[in-house]
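Descriptive structure summary
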There are 2 protein chains.
Amino acid sequence: MTGTTQTLAFIRIPGVPLVEPGADLPGLITAALRAAGDIPATGDVIAVAQKIVSKAEGRIVHLATVEPSLRAQEIAALANKDPRVVELILRESRTVIRVSPGVIITEHNTGVILANAGIDRSNLKGSDDAALLLPADPDASATRLRDQLQQNFGVRLGVIVTDSIGRPWRLGTVGTAIGCAGVLALNDLRGQPDLFGRQLQVSEVAVADSLAAVAVLQMGEAAEGTPLVLIRGAFGGDDRGQTARTALRPTAEDLFR
Amino acid sequence: MTGTTQTLAFIRIPGVPLVEPGADLPGLITAALRAAGDIPATGDVIAVAQKIVSKAEGRIVHLATVEPSLRAQEIAALANKDPRVVELILRESRTVIRVSPGVIITEHNTGVILANAGIDRSNLKGSDDAALLLPADPDASATRLRDQLQQNFGVRLGVIVTDSIGRPWRLGTVGTAIGCAGVLALNDLRGQPDLFGRQLQVSEVAVADSLAAVAVLQMGEAAEGTPLVLIRGAFGGDDRGQTARTALRPTAEDLFR
């Protein structure tokens, strides 16, 4: 590719309405893309915010219906959080990794390590009593979305379900791929030669997470939030059997839990 | 911003030659941008790979000149690494955080926590004996580059010095901003209202790191590597006094060392 200018574009797509449980999400996304005049081409990747996937899948829990366990109450006291929210965090998680005031870091049931099990209480109608859980299986959500969008547009696409995730040693959240289909999670360059023919040492690149980072930046998070970004030039369409889970470090290799 | 399509484009710029110590890096970058016909506009951000910044700054050490300390030899045995490389890692670092076979995780002198102090032995001429260190002060490198590029093009720009960094719980590296000038490290949305007027809970977004992630994806890392990416539509030019160091989590808030 040396010698050529090459562009990767992140196009923010307006026009997705507020999503209600049971909504036809592929239909809403298709309509928004058509209305914006941005018809996906083969290899494009469509990034969708976790929030609208979760809402369409009805992953909303009303806190009045949640009975916190004794363990949830104990952890809530340490973390200074609503025991009902902590109960949801525990139900959504395999393991608690750290508890500190304001934050509970767990391994989510999907294997992702993140704060508060990704439970969100912003941007929900009647949100004082409602919590939004992550999709139960974000890779499956991405696959369903992809199948329908490929059918609607007649091209091979990638789909990423994004979330904003914190990092242990750096401030600020970054968009991360919690679900994907038709896009590489990891591009393994190990063993390829460098400019001088020497083998590269460490070169497994987190492709889907990198794309998700800028997609989420383009989405915005406050009142102007737009949950849909079209990524053009990303060589999507082929995932070599990888999903977002491919990017999870096996517990046996984890030096930090 | 709702209702408008908005594009953020990552343009891979060819034509940067192999960089030698003492090279005029702003001059080489300016020439490559002009030759590609991609003249930076106000607000554009220019992402530059750490490797060429380090090379231009002469941060190359020949291993034959390195005398490993006793501590370096002990850690080298645990990590199964060349004791001379370990000696360089220790000199470049404030603290050793984890040692395991093949990897030494430290807090680099810049405050960044990463593997092997960011020392690279790929893509160096005569690389069997040479190691490339990170720039001594990547924020200062970014500032110098920015000053010269702004002068050359007569517009306000941002500059990011990128590196590929691993993550504790996820596989694959992601591009990260180890130096920046004229671009926000963190965009603090906390306190802003969400779609329903409720205050957002956690919304400090790592802007420069997110941009770096896709910039590095566009650069590529193997033989076809291109160390220069122009980011258009990124609202660069104003950093509100932030640098890459702004994104480092204070040690007192670190739950994972």
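In this text, all values refer to a predicted model and were calculated from it rather than measured experimentally.

1. A short note on helix H5 (residues 138-153) of chain B
Residue and element names in this part refer to chain B. Its 16 residues place the ends of H5 22 Å apart at the C-alpha level, agreeing with the 22 Å of an ideal helix rising 1.5 Å per residue. Along H5, the residues classified as buried are Pro 138, Asp 139, Ser 141, Ala 142, Leu 145, Arg 146, Leu 149 and Gln 150. Buried residues of H5 fall within an arc of 155° about the axis and therefore sit on the same side. Considering only its buried residues, H5 is in contact with helix H1 (25-36), strand S2 (45-49), helix H2 (50-56), strand S8 (158-165) and strand S9 (174-181). Remark: Gly 154 follows H5 within two positions and exhibits a positive phi of approximately 70°.

2. Structural notes on helix H6 (residues 207-219) of chain A
All names here are of chain A. For H6, which comprises 13 residues, the first-to-last C-alpha distance of 18 Å matches the rise-based estimate of 18 Å (1.5 Å per residue) to within 8%. Most of H6 sits inside the fold, with 13 of its 13 residues counted as buried. Note on H6: the residue one or two positions beyond its end, Gly 220, has a positive phi of about 75°.

3. As for the confidence of the model for chain A
All names here are of chain A. Mean pLDDT over chain A works out to 91, with 89% of the residues at or above the 70 mark. Per-element confidence in chain A is highest for helix H5 (residues 138-153), whose mean pLDDT is 98, and lowest for strand S10 (residues 186-188), whose mean pLDDT is 88. Confidence estimates for the predicted assembly give a pTM of 0.94 and an ipTM of 0.93.

4. Overview of the sheet that holds strand S1 (residues 6-12) of chain A
With mixed pairing, ten strands are arranged side by side in an open sheet as S9(A)-S8(A)-S2(A)-S12(A)-S1(A)-S1(B)-S12(B)-S2(B)-S8(B)-S9(B). Since the sheet does not close on itself, it has two edges, and those belong to strand S9 (174-181) of chain A together with S9 of chain B, each with one partner. Taking each pair of neighbouring strands and ignoring which way they run, the sheet shows an average axis angle of 25°. The sheet contact formed by S2(B) and S8(B) spans five bridges and is parallel. Across the sheet, residue Val48(B) finds its bridge partner in S8(B), namely Val161(B). Sheet contacts for H6(A): S1, strand S2 (45-49), strand S8 (158-165), S9 and strand S12 (228-232) of chain A together with strand S1 (6-12) and S9 of chain B; angle to S9(A), the most-contacted strand, approximately 120°. Where helix H6 (residues 207-219) of chain B meets the sheet, its contacts fall on S1 and S9 of chain A together with S1, S2, S8, S9 and strand S12 (228-232) of chain B, and the angle it forms with S9(B) comes to roughly 120°.

Parameters at a glance
Residues numbered from 1 in each chain as written. Chains lettered and ligands numbered in written order. Predicted model: local features only at pLDDT ≥ 70, side-chain atom pairs only at ≥ 80, totals over all residues. Helix = DSSP H or I, 4+ residues; strand = E, 2+ residues; numbered from the N terminus. Expected span 1.5 Å × (residues − 1). Buried ≥ 20, exposed ≤ 12 C-beta atoms within 10 Å, placed from the backbone. Arc of directions from axis to C-beta. Contact = placed C-beta atoms within 7 Å. pLDDT = per-residue confidence, 0-100. Pairing = 2+ DSSP bridges. Axes fitted to C-alpha atoms, helices over the stretch in contact; angles between N-to-C directions.

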